[in-house]
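The lines below spell out each chain.
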Amino acid sequence: MGRGFHAPSLSPAEIPAAARGARPGVTMEPSQEAEVLDPGPSPGGLSSAEALAALGAFGRRLLWLLPVYLAGRSGLSVGFVLLGLAVYLGWKGARRGKERSLLAAKLLLGDERAAVRATAAGAGLGRELPAWVNFPDVEKAEWLNKILAQAWPFFGQYMEKLLVENIAPSIRASNTHLQTFTFTKIDMGEKPLKIMGVKVHTGANKQQILLDLNVSYAGDVQIDVEVKKFFCKAGVKGMQLHGMLRVILEPLIGDVPIVGALTMFFIRRPTLSINWTGMTNLLDIPGLSSMSDTMIMDSIASFLVLPNRLLVPLVPDLHEAAQLRSPLPRGVVRVHLLAARDLQSKDKYVKGLIEGKSDPYAIVRVGTQVFTSRVINENLNPTWNETYEFVVHEVPGQELEVELFDKDPDQDDFLGQEGSSAGWETGFFCLFLGRILDPLPHLSPLHQVLQRNKGISSKPEPPSAAILVVYLDRAQELPLAKSGKEPNPIVQLSIQDVTRESKAVYNTISPVWDDAFRFFLQDPANEEVDIQVKDDSRQAGLGSVTVRLARLLSADELTLDQWFQLENSGPSSRIYMKLVMRVLYLDAPEVCHTAQPCAPGQLDLSETTAYVGSSVDLPSRPTKSSPDAQFGMESVIRIHLLEAESLIAKDNFMGGMIKGKSDPYAKVRLGGQRFRSRVIKEDLNPRWNEIYEVIVNEIPGQEVEFELYDKDVDKDDFLGRCKVPLKRVLSSRFIDEWIPLEDVKSGRLHLKLECLPPTPSAAELEQVLMVNSLVQTARSEELSSTLLSVFVDRASDLPLRKGSKPPSPYVSLSVRDISYKSKVSSQTADPVWDEAFSFLIKRPHVESLELQVKDDGNVLGSLSVPLSQLLETEGLALDHWFQLSRSGPSSQILMRVQLGVSNTFPSLPATIIRLINNGFLFLSFCSSSELSDSPLGQLRLTVWYHTDERKLIAVVHACRNLRSSSKEIPDPYVSLILLPDKSRATKRKTSVRKRTLNPEFNERLEWELPLEDVQHRKLEAYIKNSVSFMSREKEPIGKVHLDLSQMDLTQGAPQWYDLKDDKSSS
C-alpha cells in the first residue's frame, strides 16, 4: 500500500539541513559553509597540518604562563596568581557544568530511551532496565483534559445554539408532522469529554500530522425535545461514548494557521450507551435498548466512522476538500474465511439434558464494511470457503474483526471472536493499489490481474480486478419538478447489480453533493457506470448519463475529471464528476484457499501451515519497496544572490551631520533553511554573487524570503526585505529580476531563481557538470549536479541483542558530511521504517551512500552504495533487497535509491547558451581530442571573460597522463597566476585530488578586472603535487602559459593544453 514521504531531521551536532515534507521537508546541502580541504599526511613524515597543530598547541601553553610572568615582572605576590587561577578554574568548572547539562537535555529530548539507559549505566544498573520500566507509545494528555474542562460550558453554549438554530429547523422541514418540533432543554452537564491517551504516528506522510485520541465520555447531558402537535415529550439524560478518534492535520502549509484542514473520524465503531427519558423510556426495554443504540450508532457511523470523515477547513478556498473528505483507498484486503473447529454446542434440548449442535455463521467486519457468511446447519466444524473484499482507508489503525454466532429463531448465541478460545481460521492478503502504465491490455497490470483472477475460486463473488472511486461534485440547471417547484435532487449510481445513493439536496436546480462512492470491478473494460439523477420527493427522473469504464483505461492516470451532459433532461443540464480507477494487483502469486477438512480437535496451526490463511499470517515478503507517489519528485531551487543598489546609509556620524554608508549583508530563508551572505564593507551598491541550493516540495504558501541588514558592532540595522512566492518559481522555472525592497524608503535587490526538476537520465550529466563549473562562483560551494532520493522501507532478520532480545533499530544514512537518522522501530528484528531522505550530490561518479543500521549506538549492519552504480542502471534507480555487511548471514534491507539529474539548460546565462549552441560544450564531451604525445601530460582549461559580472573566469576541468617524478602517485592540484603581478591577489588554486594521474577538478576560478586590463596580461597554470613543507619535491609537474591578448575571451571553449617543463621558456 502507499506509504508516506518523510523528511528526516539532523542531530544538533550536524549541519542544519532542511525539513522535508510531508511531506513535506526538504533536505539540502549547507552551501554557506566553506569546504575544508585536507591534503593528508605525506609518506615521509608529518604533514603540514599536523606540524601547524603542534606549533599551535605549544604556543597556547606558552600563553598560559604569560600571567605568571607578568605578575612576577610587576612585583605582585603569589597570592594574586593563585587568586586568578582560582577564578579561572571556577569559571571553567561552571562552563563545563552548563555544557554537560545542555548535552544531557539534548540527549533526553532526542532519544529518551537512550538517555535513561545511559543514566542507568552510569548509576551501575547495567544496560538493561528493569521489566517495569517501559516507554509507552500512548501518552497521557492531562493538560488537554484541563483545557476541555475549562471550555466545556462554552461548548455547551455552542451546542445549544447549533441545535436550536440549525438542527431544529432542519427537522421541522423534513416532515410535515414535525413542524412543531422544539428543543425544550439543552444542558451538556458538568462532566466534560476526556482524552484518556494520545498517540502520534511518526513516519507517516511528512505533509500531515496523524493523532489517535482515546476518547471517553460518561456525561450527565440532558436534552429534552417536544412535538407540541402530538403532546409528545422525550429526551436523553446521561450518555456514555468510548472509542478511538483519529485526527489528521492536513495539508500542512507554509502560512498561518500552518494547517489547512482538520479531518476527524472513528477508525472503529465506538461503543454507545444512552439513558432515555419521557416517551423514549420505552427504548430501555430489553431488546429495544440494544436496537435503539445500534440505530443511533449507525447514524453516527454514517458520517463519523470510516470511510466517512468529518472535514473542518481552516483556510478559505481549500481545493483539496473533496480528496481530504474522501481520499483514495490505501488498498484492498481480500479475506478468505475458510473453516472453524471445535465450536461450542449452543442448541440444547430438555433443559440441557440432551446436547445438540450449533448452526454457526460468521460476521466479518472492517470498519463499517460488514459481511455475513452463510449458515452451516448443525455443525461444530463448519467449512465456508468464502471470500470477501474490504477497502482499507487507514494504515495503521484499521482492524479485521471476525465474530461467530449460532443462528437461532429468537436471539443468536455468541460462539467466539478473534482472540477467543474457540478455534477458527481466516486468511487475508493485501492487494496494492496500482496504476495502469500503458492503455494496451496485454501490456498493463490489468491483463495480468485478469488472468490471475481466472484461476481463483471465490464465493460468493468473483475476485475484483480494480476499484472505482466516483467523486460526485455538483449539477447545474436541472429541470423543475412537474409542479413547477424546484426539485430535491439525489443521485443513484449503479454498476451491474450494485447501487449507491447520494444524500438529497433540497429545493435547488444546482445541487452540490460533494460525496464519494466506491465500487469493485471484475472486468473494467466491459463494465459501465449508470448515473440517474432523481427528485427525492417523487422519484421522478431529472436526467441520466452512462459512462463506459473503458474510457478510463485510455485516460491519463486512469482518471476522468469533467462535466458530463445529462440525457433525458434539460438542454443545459449537466453533472460534474471525477472518476478514478485503480488496478488491484498482488506482488506475489495467490495461494490456494481450499481448506482441507480435518477431524475435530485436530486443526493444525503449526508453523508449517501458517501460510494457509490463518489470522496470524504474515504478509508475503515484498520484492520491491513501496514509496509514496511523490517520492523523488522534489525540485532543487537554486538561489543566486547577485547584487543590490540604492541601499539606505545607516552608518552616520556626529549625530547624523556626516552621512556614511552601510556594511550590507543578506539573510535568505526557504523551506526552513537559512543562509547568510558575506558582509560588503561600506557599499550602498553591494555585489555578492553567491549561490544557495534548497530541496523543496510543492507545499502551498512557501516563499523565498530575503532580508538585508547593515552590520554593526552592537545591533545590526534593518535595510529592507522582499519575498518571492515559491509557486511562481516552480511554474516559471526561471526568474531574473530586480525586486524593490519593502519597509524602507529605497533599495532593490537583483535575484536569479532557478527550479531544477530531477530527470532520471544520465545523458545530460556531463553537460550539467560542465555548466556548473562555468556558473560556479568563487564564494559558493561546488554546485550539485544530481538529487539523490532514498526510500528506506524495511529490514529483515537483524541480529538479536545479548540474551536473545530483539533490538530497537534505526537507520543512519550519510553522503559526505551530510547525515540523517530514521525513526526507531521498537523491539523487532524485522523493522518497518517507511521513510524517505534526499541528498544534493555534487559528483555522482565518485560519491557513495553510506548506511548503517544501529541499535542504541551498536551497529547491526552496514551498507555502502557507490552512486556510480546508479548511473549504469535504467532509470538511475536500484530497488531491491540489499545484503547488510557486518551483520547476520540473512540480514537484509529493502530500499529504493534513485538519482535525478538537475537540468539547468533552460535557465543558463546567455553566454553559456551561446557556447552550447555553437557546439563547444557538447563536442567537448561527445568527442575528446586526440591524445598528445606530451611527456608531461595535458591540462584541460576554459578561459573566458564574463561581461555581466566583469570578471575573468578560468574553469579548470581536468588533467590527463600526468608524469610522476617519484615512485608515489602524486596528489595534484592546479595553481594559476595572472602575470605580470605575482602577488596573492593574482594567485588562485584548485583543491587537491588524492593519488591520481588523471584528476578531475571542474572548478571555477575568477578575477575581478576590467576587460582592458585583462587584455594586457598573461595567465600561467602550474600543475603541482601537494607535499609537506619539509619535502624536497617542490618542482611543478608542468605548466601552461597563455597570452590573453592573443585569445578571444568572448568565445571561450574547453581545450586541452600540452604541459611544458617549468624551466622551458614561455
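Conventions and cut-offs
- Residues numbered from 1 in each chain as written.
- Predicted model: local features only at pLDDT ≥ 70, side-chain atom pairs only at ≥ 80, totals over all residues.
- Heavy atoms only, no water.
- UniProt positions renumbered as here; feature names shortened; annotations may be inferred.
- Helix = DSSP H or I, 4+ residues; strand = E, 2+ residues; numbered from the N terminus.
- Buried < 20%, exposed > 50% of the residue type's maximum accessible area, 1.4 Å probe, protein only.
- Areas by Shrake-Rupley, 256 points an atom, 1.4 Å probe, with all protein chains shown as cover.
- Pairing = 2+ DSSP bridges.
- Axes fitted to C-alpha atoms, helices over the stretch in contact; angles between N-to-C directions.
- Polar contact = N/O pair within 3.5 Å; in protein donor to acceptor, adjacent residues only side chain to side chain.
- Salt bridge = Lys/Arg side-chain N within 4 Å of Asp/Glu carboxyl O.
- Arc of directions from axis to C-beta.
- Contact = heavy atoms within 4.5 Å.
- Phe/Tyr/Trp six-rings, centres within 6.5 Å; stacked < 30°, edge-to-face > 60°.
- Lys NZ or Arg CZ within 6 Å of the ring centre and 35° of its normal.

Under the annotation held in an unreviewed UniProt entry, the protein chain carries the name Extended synaptotagmin-1 and is attributed to Sphenodon punctatus. The annotation that UniProt attaches to the protein chain under Sequence similarities (unreviewed entry) is "Belongs to the extended synaptotagmin family." UniProt lists a comment for the protein chain under the heading Subunit (unreviewed entry), and it reads "Interacts with ESYT2 and ESYT3. Interacts with ADGRD1; inhibiting the G-protein-coupled receptor activity of ADGRD1. Interaction with ADGRD1 is abolished when cytosolic calcium increases, relieving ADGRD1 G-protein-coupled receptor activity. Interacts (phosphorylated form) with SLC2A4."

K.L.:
Any chance you could explain the overall build of the protein chain here in plain terms?
P.N.:
From N to C terminus, the protein chain includes 15 helices and 51 strands. Every one of the 1066 residues in the protein chain was classed for burial, and the buried ones make up 45%. For the protein chain, the exposed surface amounts to about 55,300 Å²; the carbon and sulfur share of it is 54%.

K.L.:
What is the right way to look at the pairing of strand S34 (residues 748-756) in this model?
P.N.:
Looking along a regular strand, one sees side chains alternate from face to face of the sheet. Burial of S34 is extensive: seven of the nine residues sit out of reach of the surface. Here strand S25 (residues 635-645) pairs with S34 via nine bridges, running antiparallel. Considered in S34, the bridge of isoleucine 637 is made with cysteine 755. Direction of pairing for strand S33 (residues 734-740) relative to S34: antiparallel, over a ladder of seven bridges. Directly across from phenylalanine 734, in S34, lies its bridge partner glutamate 754.

K.L.:
Which parts of the structure should I look at to understand helix H11 (residues 765-775)?
P.N.:
Since the α-helix advances by 3.6 residues per turn, residues separated by three or four positions end up pointing in the same direction. Taken across its 11 residues, H11 has nine buried, putting it largely inside the fold. All of the buried residues in H11 are Leu765, Val768, Leu769, Met770, Val771, Asn772, Ser773, Leu774 and Val775.

K.L.:
When you look at the sheet that holds strand S45 (residues 951-960) in this model, what are you seeing that I'm missing?
P.N.:
What links the strands of a sheet is backbone hydrogen bonding, and the strands pair in either a parallel or an antiparallel sense. Reading across from one edge, S48-S45-S44-S51 is the order of the four strands in this open sheet, with antiparallel pairing throughout. Looking at the sheet topology across the chains shown, the edges are occupied by strand S48 (1000-1008) and strand S51 (1055-1058). On average, adjacent strands in this sheet sit at an angle of 30 degrees to one another, irrespective of strand direction. In terms of strand pairing, strand S44 (residues 938-946) meets S51 through four bridges, oriented antiparallel.

K.L.:
What am I meant to see in the side chain of serine 838 here?
P.N.:
Tracing the backbone through its elements, the reader meets serine 838 in strand S39 (residues 832-841). Owing to a relative accessible area of 0%, serine 838 belongs among the buried residues under this scheme. Among the polar contacts listed, one links the side chain of serine 838 to the side chain of glutamate 634, at a separation of 3.1 Å.

K.L.:
Sorry, what's going on with the UniProt feature "transmembrane region" (unreviewed entry) in the protein chain here?
P.N.:
Annotation from UniProt places "transmembrane region" (unreviewed entry) at residues 70-91 and 247-267. Between the end C-alpha atoms of residues 70-91 there is a gap of 21 Å, over a span that is 86% helix and 0% strand.

K.L.:
Sorry if this is basic, but what is going on with the pattern of salt bridges here?
P.N.:
Side-chain pairing between opposite charges can occur once the charged atoms of the two side chains come close. Overall, the coordinates contain 31 salt bridges when judged by the stated rule. In this structure, arginine 246 and aspartate 212 form a salt bridge, with 2.7 Å as the shortest nitrogen-oxygen distance. With arginine 246 in strand S4 (residues 232-249) and aspartate 212 in strand S3 (residues 209-227), the pair connects residues that are 34 residues apart, well separated along the chain. On the basis of relative accessible area, arginine 246 is assigned to the buried category, the value being 0%. With relative accessibility at 8%, the residue aspartate 212 sits in the buried group. With a shortest N-O distance of 2.4 Å, glutamate 705 and arginine 669 are connected by a salt bridge. One end of the pair, glutamate 705, is in strand S31 (residues 703-710); the other, arginine 669, is in strand S28 (residues 664-670), with 36 residues separating them in the sequence. On the basis of relative accessible area, glutamate 705 is assigned to the partly exposed category, the value being 21%. Classification of arginine 669 as partly exposed rests on a relative accessible area of 25%. One salt-bridge network, in which partners are shared between bridges, spans Arg365, Glu401 and Glu403.

K.L.:
Where do I start with the sheet that holds strand S21 (residues 528-535) in this structure?
P.N.:
Here four strands make up an open sheet; going across it, the order is S19-S18-S21-S22 and the pairing antiparallel. Looking at strand neighbours, the two that pair on one side only are strand S19 (498-501) and strand S22 (540-548), the edges of this open sheet. Strand-to-strand twist of the sheet, defined as the mean angle between neighbouring strand axes without regard to direction, takes the value 20 degrees. Both strand S18 (residues 489-495) and S19 contribute to a ladder of four bridges, which runs antiparallel. Considered in S19, the bridge of leucine 493 is made with arginine 500.

K.L.:
Would you explain the pairing of S25 in this entry?
P.N.:
The buried count for S25 comes to 10 of 11 residues, which makes it a mostly enclosed element. Here S25 runs beside strand S30 (residues 687-696); their pairing, made up of eight bridges, is antiparallel. Across the sheet, the residue bridging to isoleucine 637 is valine 694, located in S30.

K.L.:
Is there a simple way to think about helix H8 (residues 445-454) in this case?
P.N.:
Within H8 the residues assigned to the buried category are Leu446, Val449 and Asn453. Angular distribution of buried residues about the axis of H8 spans 60 degrees; they occupy a single face of the element. Residues of H8 that are exposed and angled more than 90 degrees away from the buried face: Gln448 and Lys454. Of the surrounding elements, those touching the buried residues of H8 are strand S8 (331-341), helix H9 (550-553) and strand S24 (574-585).

K.L.:
Got a minute to help me understand the packing of aromatic side chains in this structure?
P.N.:
The relation between two aromatic rings is expressed through the spacing of the ring centres and the mutual angle of the planes. Applying the stated criterion to the full structure yields 15 aromatic pairs. On the basis of an interplanar angle of 70 degrees and a centroid distance of 5.6 Å, the ring pair of phenylalanine 405 and phenylalanine 414 is categorised as edge-to-face. A residue is classified by how much of its surface remains accessible, and phenylalanine 414, at 41% relative accessible area, is partly exposed. Members of the aromatic cluster, joined through ring pairs, are Trp152, Phe155 and Tyr217. We note arginine 500 situated over the ring of phenylalanine 519; from NZ or CZ to the ring centre the distance is 5.2 Å. Above the face of the tryptophan 1056 ring, arginine 960 is positioned so that its terminal group lies 3.9 Å from the ring centre.

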